[in-house]
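Chain and residue survey
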Amino acid sequence: MRLHLVDGTYELFRAHFSRRPGHVHDGRDLKATVGLAGAMLALLHDERESVSHVAIAFDNPIRSIRNDWYDGYKTDEGVLPALLEQFDAAEDAARALGMVVWSMDRYEADDALATGAARWRDEVEQVRILTPDKDLGQSLVGTRVVMVDRLRDAVIDEAEYMRRRGVSPASVPDWLALVGDTADGIPGIDGFGEKAAAALLRAFGHIERIPRDPKAWPASIRQGEVLAATLARDLELALLYRKLATLISDVPLAERLEDLAWGGVPAAAFEAWCDRVGARTLRDRPKRWAP
């Protein structure tokens, strides 16, 4: 039994910026919504994925509790209105496919995914988090909890993440705090590149354990004295950035694992949704219908 947890916000953006044809119905731009539905149909019927339990999470709205902690954190500023207007429609599409939808307002979609992974990882054969977002690296556990990048046909387990990023899951928030994450509005600490930050965290684990004396640092790190002085000056900022980058793994999700069971596409709901959005080409795409 596998649990699939989908980053719906990512899928919606990916569908909008894909090369697929546009889709306007009753004056509404629904390209992203219909594209997401098509992508989810492909996932649900992918024999390699063997979907048995599934949920999809959306940032709706994009602002979250982290905006209370830091003014520079990501908002919907700069997001195309055509995309912002489709979040509710995208959630309707996922529900029409029989998927459990987590609509996040106070928390983020990533928090819901992290919560699902932490809550049920010991009850299933594997949790598969469908996202390329490096933030979710902190949720990886061996081969039990993995990330799946369907765009690049890649499965990233804990060992592979370590090989790619150079840090263990426990140090991912510290690493993001040092190097920054422009997608989330986290600026990082001046001078810290990915390799230097990873080397420090492999050696010391967390920001507050990094020695103030750069002579105790790994010899591979260049300009250690400058970086040490910068970190000492900006330590409080670094710890704030780590708080922003740390996923919340105890979001109050209402569902039990059995509630996430997927038994097929509910015909009446899906066909009605296709009619509402003018997605007639999708009506015959389901290969497995709910009983």
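In the block above lies the structure referred to throughout.
Just so you know, these numbers come straight off a predicted model, no measurement behind them. (Residues numbered from 1 in each chain as written. Predicted model: local features only at pLDDT ≥ 70, side-chain atom pairs only at ≥ 80, totals over all residues. Heavy atoms only, no water.)

Right, let's get into the overall build of the chain. Counting its secondary structure elements, the chain contains 12 helices and eight strands. Radius of gyration (C-alpha) of the chain: 21 Å, near the 19 Å computed for a compact globule of 291 residues. Reported as C-alpha extents along the three principal axes, the dimensions of the chain are approximately 65 × 40 × 35 Å. Taking all contacts inside the chain whose residues are at least 6 apart in sequence as the whole, residues at least 24 apart take part in 67%. Summed over its atoms, the accessible surface of the chain is roughly 13700 Å², and 47% of this surface lies on carbon and sulfur atoms. Both charge centroids of the chain, one from 38 positive and one from 47 negative side chains, sit 4 Å from each other. (Helix = DSSP H or I, 4+ residues; strand = E, 2+ residues; numbered from the N terminus. Rg over C-alpha atoms; globule rule 2.2 N^0.38 Å. Contact = heavy atoms within 4.5 Å. Areas by Shrake-Rupley, 256 points an atom, 1.4 Å probe, with all protein chains shown as cover. Lys, Arg positive; Asp, Glu negative; His and termini not counted. Charge placed at Lys NZ, Arg CZ, Asp CG, Glu CD.)

For the rest of this paragraph, the subject is the pairing of strand β5 (residues 100–104). The buried count for β5 comes to four of five residues, which makes it a mostly enclosed element. Of the pairings in the sheet, the one linking strand β4 (residues 53–59) to β5 comprises five bridges and is parallel in character. Paired with D59 across the two strands is M104, which belongs to β5. (Buried < 20%, exposed > 50% of the residue type's maximum accessible area, 1.4 Å probe, protein only. Pairing = 2+ DSSP bridges.)

What follows deals with the packing of aromatic side chains. Tallying each qualifying case throughout the model produces five aromatic pairs. On the basis of an interplanar angle of 65° and a centroid distance of 6.5 Å, the ring pair of F13 and F87 is categorised as edge-to-face. Separated by 74 residues along the polypeptide, F13 in helix α1 (residues 8–16) and F87 in helix α5 (residues 87–96) bring together distant segments of the chain. Residue classification places F87 among the buried positions, given a relative accessible area of 2%. Ring centres 5.8 Å apart and planes at 70° place the aromatic pair Y70 and Y241 in the edge-to-face group. Here the residue Y70 occupies a position in the loop between α3 (66–69) and α4 (81–84), and Y241 occupies one in helix α11 (residues 235–245), the gap between them amounting to 171 residues. (Phe/Tyr/Trp six-rings, centres within 6.5 Å; stacked < 30°, edge-to-face > 60°.)

Turning our attention to the layout of surface pockets. Roughly 520 Å³ of internal volume is contained in the largest pocket. If you list the elements that add at least two residues to the lining of the largest pocket, you get α1 and α6 (109–120). Tallying contributions element by element places α1 first for the lining of the largest pocket, with three residues. Classifying every residue of the lining of the largest pocket gives seven nonpolar, three polar and nine charged. Taken as a whole, the second largest pocket holds about 230 Å³ of empty space. For the second largest pocket, the lining is made up of 13 residues, of which R14, A15, G35, G38 and A39 are closest to its centre. Only α1 and α2 (31–44) provide two or more residues apiece to the lining of the second largest pocket. The dominant element in the lining of the second largest pocket, judged by the number of residues it contributes, is α2, at five residues. When grouped by side-chain class, the residues that make up the lining of the second largest pocket number five nonpolar, three polar and five charged. (1 Å grid on protein atoms, 1.4 Å probe; cavity = no way out; pocket = protein on both sides within 12 Å on 5 of 7 lines; lining within 4 Å. Points joined across faces, edges and corners; volume = space filled by probe spheres on them. Nonpolar A, V, L, I, M, F, W, Y, C, P; charged D, E, K, R; others polar.)

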